[in-house]
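Coordinate inspection notes
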Amino acid sequence: MKRKMLMNLAVSGFVLGVATGCSGMGAMADAPSRAAGTPAVAAKSADKARVALEAGKASKAVALAEAAVAGSPRDAGYRALLGQAYLGDGRFASASSALSEAMELGARDSNTILSLALAEIAQNRNGEAVALLTRHRDAVPASDLGLALALAGDREGSLYVLGEAARAEGADARTRQNLALALALSGRWAQARIVASQDLSLAKLEGRMVEWSKLAEQPNAQVRVASLIGTSAQPDAGMPVRLALSNFAGTQLAADSAIEPPVQLASADPAPVADYAPSPPVLADAGSSIRSVELPMPERTADGVVPVTDLPQPAPAADVILADAAPYRHAPRVAGEGRIRPAQKQALELATVIVPKAMGFDAKKPGGWAVQLGAYDSLAIAKEKWGTLKKRNGVLGRFPASSHAAAVGGRTFYRLTVNGLASRADASSLCNQLKAQGQACFIRAMGGSESIQWAAKASPMRLASR
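Our subject in this report is the structure included herewith. Numbers given to residues run from 1 along each chain, matching the order in which its sequence is written. Only residues with pLDDT of at least 70 are given local features in this predicted model, and only at 80 or more are side-chain atom pairs given and counted; all residues enter the totals for whole chains, interfaces and linings. To obtain the side-chain values, all non-hydrogen atoms of the structure were included, while hydrogens and water were left out.

1. Remarks on the overall build of the protein
Strands are runs of DSSP state E lasting at least 2 residues, helices are runs of H or I lasting at least 4, and numbering of each runs from the N terminus. On a plain count of helices and strands, the protein comes out with 19 helices and 7 strands. Only protein chains enter the area calculation, which uses a 1.4 Å probe; residues under 20% of their type maximum are buried, those over 50% are exposed, and those in between are partly exposed. Taking all 466 residues of the protein together, 39% fall into the buried category. Residue contacts are counted whenever heavy atoms from the two residues lie within 4.5 Å of one another. Considering only contacts in the protein between residues 6 or more positions apart, those separated by 24 or more positions represent 67%. Summed over its atoms, the accessible surface of the protein is roughly 27,200 Å², and 55% of this surface lies on carbon and sulfur atoms. Surface accessibility follows the Shrake-Rupley procedure with a 1.4 Å probe radius. Residue values consider only the protein chains on display as shielding.

2. So, the pairing of strand β4 (residues 401-408)
Across 8 bridges, β4 lies against strand β5 (residues 411-421) in antiparallel orientation. Across the sheet, A401 pairs through a bridge with V418, a residue of β5. A loop of 2 residues connects β4 with β5, the two strands running antiparallel in sequence, and G409 in this loop sits at a positive phi of about 60°. By definition, two strands form a pair when at least two bridges between them are found by DSSP. Bridging between β4 and strand β7 (residues 452-456) involves 4 bridges; their strand directions are antiparallel. Looking at β7, one finds that S402 is bridged to A455.

3. A few points about the pairing of strand β3 (residues 369-376)
For β3, the tally of buried residues reaches 7 of 8 residues, placing the bulk of the element in the interior. Of the strand pairs in this sheet, β3 and β5 are connected by 6 bridges, and their pairing is antiparallel. Looking at the pairing, A375 lines up with R415 of β5.

4. Some thoughts on the sheet that holds β4
Sheet architecture is open: 5 strands sit in the order β6-β3-β5-β4-β7, paired in antiparallel fashion. In this open sheet, the two strands that pair with only one neighbour each are β6 (442-445) and β7. With direction set aside, neighbouring strand axes in the sheet form an average angle of 40°. Throughout, an axis means a line fitted to C-alpha atoms (over the contacting stretch in the case of helices), and angles, computed between N-to-C directions, take values from 0 to 180 degrees. Set on the sheet, helix α19 (residues 424-436) makes contact with β3, β5 and β6; between it and β3 the angle comes to about 45°.

5. Topic: the nonpolar core
With 66 residues, the main nonpolar core has L82, Y86, F92, L179, L181, A196 and W212 as its most contacted residues. A total of 8 residues in this core trace back to one element, the largest contributor, which is helix α6 (residues 110-122). Core analysis: the next-biggest nonpolar cluster, separate from the first, contains 21 residues, V395, F399, A427 and W454 among them. Throughout, nonpolar core names a set of buried Ala, Val, Leu, Ile, Met, Phe, Trp, Tyr and Cys residues whose side chains join them through atoms within 4.5 Å.

6. Here's the deal with the state of the cysteines
Count a disulfide wherever a pair of cysteine sulfur atoms falls within 2.5 Å. Here the structure, examined in full by the defined rule, presents 1 disulfide. C431 shares a disulfide with C441; S-S distance 2.2 Å. Between C431 and C441 the sulfur-sulfur dihedral comes to about 115°; the bridge is accordingly right-handed. One end of the pair, C431, is in helix α19; the other, C441, is in the loop between α19 and β6, with 10 residues separating them in the sequence. Using a relative accessible area of 8% as the deciding quantity, one classes C441 as buried.

The following block contains the structure:
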């Protein structure tokens, strides 16, 4: 069951569903619940908590969900429900604890993932939120995923996800409004106004822009998240310690507790100790391993003095070999040898072999392989995007770029591509490098029939001086 938890932002925002039923973990989740002794009470409390959440009574839902978790502490569904109740009540620290424990127990639904990400963003833990959303991006609807990425500070990632979703067949008004809001949060107000106007009247459009402006200027992350889910931030001391999952880590599963291991009893007639006592250690014979060596004594004179000639004398030192006193001479240098360092040699190869192939791209007859970076609603947006990406990644500036129109689903988009790649392997290598840096892309073959609307030349390769 889903509902819109929004107050001021109407169409734009998140759609969060209320957790229903158990987590689907089967006996693993149910067995410890029976061990707690109150599974029936827990189920009734959970049902009442869902009704309270649907009615917008978040504080009441928190108390009921806590009772459900107390009755079945290892039920992933009940902990996810408790986390959503905390989130709806504006208690973001408690929501993070409950939702993290729900995922630890196996909850992987989109509501749990999105709710945990919002709780992390509200606590200024944007890196953790982006990592969570990236790991489970296939489980969260694109409209919610993109807006959550925008709130977490991943502007480019959010615009890519929402742009693709808005261009997909059957895209709804909320998806387009979330795209417009993401554009506004990234400072692209002109584009945000254009996208938002597709579903709003002029009067509502102006009001929406004012609301988004206030949201963008709000420095408090808790207030920003709370306004998007239709609640207000509350003082939060954290989830009660008695409900922490670590308190129930030792609870056995029902299937395991039903089988008791056999108890081994001590023997009534133990074996004599002498049978198991180790043998005494065997000492080595000192007479067989130690030898006495008699050393000859030096002869002494009548006065008891040992003559010096009888003492050992050091061996005479070997002759000292002196180095050649001739002046040092440099080895003859072959013309051109040693003038180019290894790093410069690699750069020279790149500048003289790979890049010239890319610089040979003919915009009138496009061919070879290309790496597509995105598709946009206008040529101006494609140009602007190229400028941003080229500044962010110096490798892109070494290749020519172009944009051409393509009709998809009755709409015209402008593809932004990096051109001049001689082979599919070169295109794949460049695309993989960009993906490792967080840039979405894919490769395509240029058929030669594309009508290039705009093209940018490759920047020349500069070698460092000696």
